Amino acid sequence: MKKIIRNILAVLLFAAIFCLNGCSDLDESNEETEIESGSQNGEQEKDESDDEKVLNAEATEYLLKAGDSKELTLTDISLAASKTLKMDGEATWTVENPYICSINSSGKLTPLSGGETVVTGTLSSDSTKKAELKVKIEEPNRGVSSDPFDLRTISENIDIFCCGDSIMRDYSASDSDQYGLGQALKEFFDETKANVVTDIANGGRSSRLFYNEDSRWPEVKRRIQANNEAGKKSVVILSFGHNDQRALTDCDKTYGAQFTFASENANETVAGTHYDFMEKYIVEARELGAVPICVTPFVRGNYFGSEVSAYGKHDWSNKTMTGDSTPRGNYPAAMKAAAKKQGAILVDMTELSAVRVAEYNNAGKEKYFYVDSDNTHERTLGGLELGKIVTDELKKNGYLTSYIKDCSPRIMVDKSNLAFGRILANATKTTSFRISNFQNKSGTITITAPSGFGLSLSDSGSFDSVLTIETDENFMGTEVFIKFSPTEVISYNGDITVTHSSVTPDFGNTPAGTVDGSALKIALSGAGKELSVSGTDFTVNWPMISGGGSFSVAATSTSEDVVPAETRLNGLIKSSNKTIGTETYARVTIDNPGNVWPVNDTGAKMNDVYIEYEIPASGIDLTVNEISFDCCSSGGSYMAWSAYYSTNEDFSNPEPICEMKTAQKEVLCSNSAGGSKNSSDALGLPVENGKSLYIRVYPAYKDTKENAGRTFIISNVLVKGLIQ
């Protein structure tokens, strides 16, 4: 027995020694193969194992060598999953299918959609040296989640986070009367129980871009987490679709692509679609303890017969985006599918708003719903209609019923002032404003005009000093025309008053004017003039640039009797000059640390930021007939400007030359008021001895965020007139 045991032990020991030596030899053999094996022509080749070919997806940066053929599999299509690729030296990068991932000149690779593609790096020093990376984006595989609490029974205070694009966001008051759904929802929720948060939604955001941008969805998640720590519940309203319908090349400079396909990419994958992002929002909100509410996108004003068209309803099943080869699909259907799978609350805004918008359009009242020359963005009345749709649907299904309140009826006027300028005595000039109605079911609107002005519901009708309009539940709005008819060469200033028998009118989301008790007032200004062709012609010019190409505040005058003042900059400083074509132009920028233009989403003038020009009438009387200047944006595309003139030293009662005007970047735009002395357009503005003509130009950078490096070009400020 002992002998047998000894023999067995010997065999086991021999086997162990053989195994160890064999394994050691195998390792050495592999090492030798990697270093020494070569092709038949004597060139050495690297025989990579499968493990060496597959890159670790957890890494953020990879160094590829010429001749490499690697593989990378990613499970996340967010910007956070981006990787950096490098080679031994400067390289150029290309991608076989740019819909699956993007690659910039610095080698930053960002996953976009499901599928496989190849990224190629080429050394700039030797175009024959390349490396390839096969990129695979896996499909999502999420389970079904559930709401962390019930919106039918909750009673404690909540935050409602409004997530979306330009349809959802807040807007400052402006002449356009643009108004967001989030703003409207504040009117439908009891502010003592529900805090409607509207400062995160922003224009131009798709479901992809909002998810990736740090101050959007990541900020929502941070605030939800803060609420959790404070013991407060959160609700998230999600509404996207408009900007998902962007081209592949439409990208935010920091956060990348905007586009999505609806439910299925061109290669029949799902990752990176609108459906995928909506499902991500639903699941992530719930994981954080918030309840999501999906709201399909508001329709565009595009019609087929008496109804909103498929395109207006964001159905691109038969429509191909420029640059695509495959239709994008039906975006509302994609959101509905994601909500259905996850059992999330959904409001079909698309279908419900299509019905309401069609009613407005068929009544010839679409312009009361949408911003002028825009079939996408809502005015105040349109925003309130959308807010009612959302809250009515929530109430109908028993959600947040104790939080939703009735919105007060509104009668809204879209102008707080009307400036007619100077017209010939006994001539006439007509303009208009709009009145709109939200939920007012009965009553009488009474409008009264001062002397020199008349009112009518038709620009060709009879004009009277008093106008009455009966309102009922079918009254959407009307345009009111005002005719200015000066009979003397004097100023005509006064107020139109607007009252309603039961509701105090307001200015909607246009710049507010005066509301005195229950009467809304629209300030009117105008003047009668007579033309004079007698006197000595004069022309004053501030070129803003000297003959030597330097910034200049000096002016030239064709008359020794007219001595203009130097240009004054208020809240602005000179910047570097800019050559456009063969001409050099002066530029100014805002005067603050870093030269940062503040947020100004309408381009409205900033009262303390302007360029001022002055022509004193010293020992003479002047008649000013024409004012003009050229200007444009530089360093950015969104500079706006407003310009006015006045003969009052405190610049009171200014007359407009232009307001919130824009133009293409570095394409000069002409601005003017008046005309030649022989035309009826001539201003005929008297500037008496001892007084001055003042002109102010107010630049403002029109954007939803702060901007540095933006400048304003202004050139050839001209004033023409007569010395009396």
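Residues numbered from 1 in each chain as written. Predicted model: local features only at pLDDT ≥ 70, side-chain atom pairs only at ≥ 80, totals over all residues. Heavy atoms only, no water.

K.L.:
Account for the overall build of the protein, with residues named and values stated.
P.N.:
A count of helices and strands for the protein gives nine helices and 46 strands. For 724 residues, the compact-globule estimate of 2.2 N^0.38 gives 27 Å, and the protein exceeds it by more than 25% at 34 Å. When the backbone C-alpha atoms are referred to their principal axes, the protein occupies close to 135 × 70 × 50 Å. Classification of the 724 residues of the protein by burial places 48% in the buried group. Once local pairs closer than 6 in sequence are excluded, the contacts in the protein between residues at least 24 apart make up 71%. As displayed, the protein has an accessible area near 32,800 Å², and 46% of this comes from carbon and sulfur atoms. (Helix = DSSP H or I, 4+ residues; strand = E, 2+ residues; numbered from the N terminus. Rg over C-alpha atoms; globule rule 2.2 N^0.38 Å. Buried < 20%, exposed > 50% of the residue type's maximum accessible area, 1.4 Å probe, protein only. Contact = heavy atoms within 4.5 Å. Areas by Shrake-Rupley, 256 points an atom, 1.4 Å probe, with all protein chains shown as cover.)

K.L.:
So what's going on with empty space enclosed by the protein? Residues and values would help.
P.N.:
Summed over all chains, the structure comprises two cavities of 30 Å³ or more. Of the volumes computed, that of the largest cavity is approximately 50 Å³. Together, Asp177, Tyr368, Arg379, Met412, Val413, Asp414, Arg434, Ser436, Phe507 and Gly508 line the largest cavity. Those elements that place two or more of their residues in the lining of the largest cavity are strand S20 (410-413) and strand S22 (429-438). Split by residue class, the lining of the largest cavity holds four nonpolar, two polar and four charged. Taken as a whole, the second largest cavity encloses approximately 30 Å³ of empty space. Lining the second largest cavity are Asp165, Ile167, Ser239, Phe240, His242, Pro297 and Phe298. Its residues placed into classes, the lining of the second largest cavity shows four nonpolar, two polar and one charged. (1 Å grid on protein atoms, 1.4 Å probe; cavity = no way out; pocket = protein on both sides within 12 Å on 5 of 7 lines; lining within 4 Å. Points joined across faces, edges and corners; volume = space filled by probe spheres on them. Nonpolar A, V, L, I, M, F, W, Y, C, P; charged D, E, K, R; others polar.)

K.L.:
Give a description of the sheet that holds strand S2 (residues 69-74) that names residues and reports values.
P.N.:
Across the sheet, four strands lie side by side as S2-S8-S7-S4; this open sheet has mixed pairing. The open sheet has two edge strands, S2 and strand S4 (91-95), and neither has a second partner. Neighbour to neighbour, the strand axes of the sheet diverge by 20° on average, direction disregarded. Pairing analysis gives eight bridges linking strand S7 (residues 115-123) to strand S8 (residues 130-137), with the strands arranged antiparallel. Paired with Gly121 across the two strands is Ala131, which belongs to S8. (Pairing = 2+ DSSP bridges. Axes fitted to C-alpha atoms, helices over the stretch in contact; angles between N-to-C directions.)

K.L.:
Break down the environment of Pro486 for me, with residues and values.
P.N.:
With respect to the helices and strands, the residue Pro486 is situated in the loop between strand S26 (477-484) and strand S27 (491-500). Along the backbone, Pro486 and Ile293 are 193 residues apart, and their C-alpha atoms lie at a distance of 57 Å. If we ignore the near neighbours within four places in the chain, the residues touching Pro486 are Ile423, Leu424, Ala425, Asn426, Ala427, Tyr492 and Gly528.

K.L.:
Can you break down the pairing of strand S14 (residues 291-295) residue by residue, with the values?
P.N.:
Each regular strand carries side chains that alternate between the two faces of the sheet. Taking burial as the measure, the five residues of S14 include five buried ones, the bulk of the element. Here S14 shows a buried face lined by Val291, Ile293 and Val295 and a second buried face lined by Pro292 and Cys294. Here strand S11 (residues 233-239) pairs with S14 via four bridges, running parallel. Of the residues in S14, the one forming a bridge with Leu238 is Cys294. Both S14 and strand S19 (residues 345-347) contribute to a ladder of three bridges, which runs parallel. By the bridge assignment, Ile293 is partnered in S19 with Ile345.

K.L.:
Please give an account of the packing of aromatic side chains that cites residues and values.
P.N.:
Enumeration according to the criterion identifies 24 aromatic pairs in this entry. Aromatic pair Phe259 and Phe261: ring centres 6.5 Å apart, planes at 85°, arrangement edge-to-face. The exposure classification of Phe259 matches that of Phe261, with both residues buried. Of the aromatic side chains, those joined through ring pairs into one cluster are Phe210, Tyr211, Trp217, Phe240, Phe277 and Tyr281. Its guanidinium or amino end placed over the ring of Phe261, Arg328 lies 5.0 Å from that ring's centre, counting from NZ or CZ. Its end group placed over the ring of Tyr368, Arg434 keeps NZ or CZ at 5.9 Å from the ring centre. (Phe/Tyr/Trp six-rings, centres within 6.5 Å; stacked < 30°, edge-to-face > 60°. Lys NZ or Arg CZ within 6 Å of the ring centre and 35° of its normal.)

K.L.:
An account of the sheet that holds strand S24 (residues 453-456) is needed here, citing residue identities and associated values.
P.N.:
With antiparallel pairing, the four strands of this open sheet are ordered in space as S20-S22-S26-S24. Of all the strands in the sheet, just S20 and S24 have a single pairing partner and so form its edges. Neighbour-to-neighbour, the strand axes of the sheet open up by a mean angle of 25°, direction not taken into account. The pairing of S22 with S26 spans eight bridges and is classified as antiparallel. Looking at S26, one finds that Thr430 is bridged to Lys483. Against the sheet, helix H9 (residues 380-396) contacts S20 and S22, and its axis sits at roughly 10° relative to S22.

K.L.:
Let's hear about the nonpolar core: which residues, and what values?
P.N.:
Judged by nonpolar contacts, the single largest core of 51 residues is most densely connected at Leu109, Val119, Leu133, Trp217, Val220 and Tyr281. Excluding anything up to four places from it in sequence, Leu109 contacts Leu74, Ser82, Lys83, Leu85, Cys101, Ser102, Ile103, Val119, Leu133 and Val135. In this structure, Ile158, Met168, Phe188 and Leu400 belong to the second largest nonpolar core, which totals 48 residues. (Core = buried A, V, L, I, M, F, W, Y, C linked by side-chain atoms within 4.5 Å.)

K.L.:
Which residues make up helix H5 (residues 217-230), and what values go with them?
P.N.:
When the terminal C-alpha atoms of H5 are compared, their 20 Å separation across 14 residues agrees well with the 20 Å that a helix rising 1.5 Å per residue should span. Those residues of H5 lying buried are Trp217, Pro218, Val220, Ile224 and Asn227. Of the surrounding elements, those touching the buried residues of H5 are strand S9 (158-164), helix H4 (207-212), S11 and helix H6 (274-287). One or two positions beyond H5, positive phi appears at Gly231, with a value near 75°. (Expected span 1.5 Å × (residues − 1).)

K.L.:
How would you summarise the packing of helix H8 (residues 349-362) against H9 if you had to cite specific residues and measurements?
P.N.:
H9 packs onto H8 with a crossing angle of 140° between their chain directions and a minimal axis gap of 10 Å. Considered as vectors, H8 and H9 are oriented oblique to each other. You can see that H8 and H9 cross each other, and the crossing is right-handed. The residues of H9 that touch H8, namely those facing Met349, Leu352, Ser353, Arg356 and Tyr360, are Leu381, Glu385, Leu386, Ile389, Val390 and Glu393. (Parallel < 35°, antiparallel > 145°, perpendicular 65-115°, else oblique. Left-handed = near helix turned anticlockwise from the far one by under 90°.)

K.L.:
Let's hear about unusual backbone geometry: which residues, and what values?
P.N.:
Look at Glu268: it is not a glycine, yet its phi comes out positive at around 70°. Note that Glu268 resides in the loop between strand S13 (256-257) and H6. You will see that Met544, though not glycine, has its phi angle at about 70°, which is positive. Examined against the element boundaries, Met544 turns out to sit in the loop between strand S30 (536-542) and strand S31 (556-557).

K.L.:
Pulling in residues and values, what's your account of the environment of Asp315?
P.N.:
If you trace the backbone, Asp315 turns up in strand S17 (residues 315-316). Sequence separation between Asp315 and Pro332 is 17 residues; the distance between their C-alpha atoms is 7.4 Å. At a separation of 2.5 Å, a polar atom in the side chain of Asp315 contacts the side chain of Ser317. (Polar contact = N/O pair within 3.5 Å; in protein donor to acceptor, adjacent residues only side chain to side chain.)

K.L.:
Tell me what's going on with H6, and back it up with residues and numbers.
P.N.:
Taking 1.5 Å per residue, 14 residues should reach 20 Å; H6 reaches 20 Å between its end C-alpha atoms and fits that length. Of all 14 residues that make up H6, 13 are buried, and the element is covered over most of its length. After H6 finishes, the residue Gly289 shows a positive phi value of roughly 100°.

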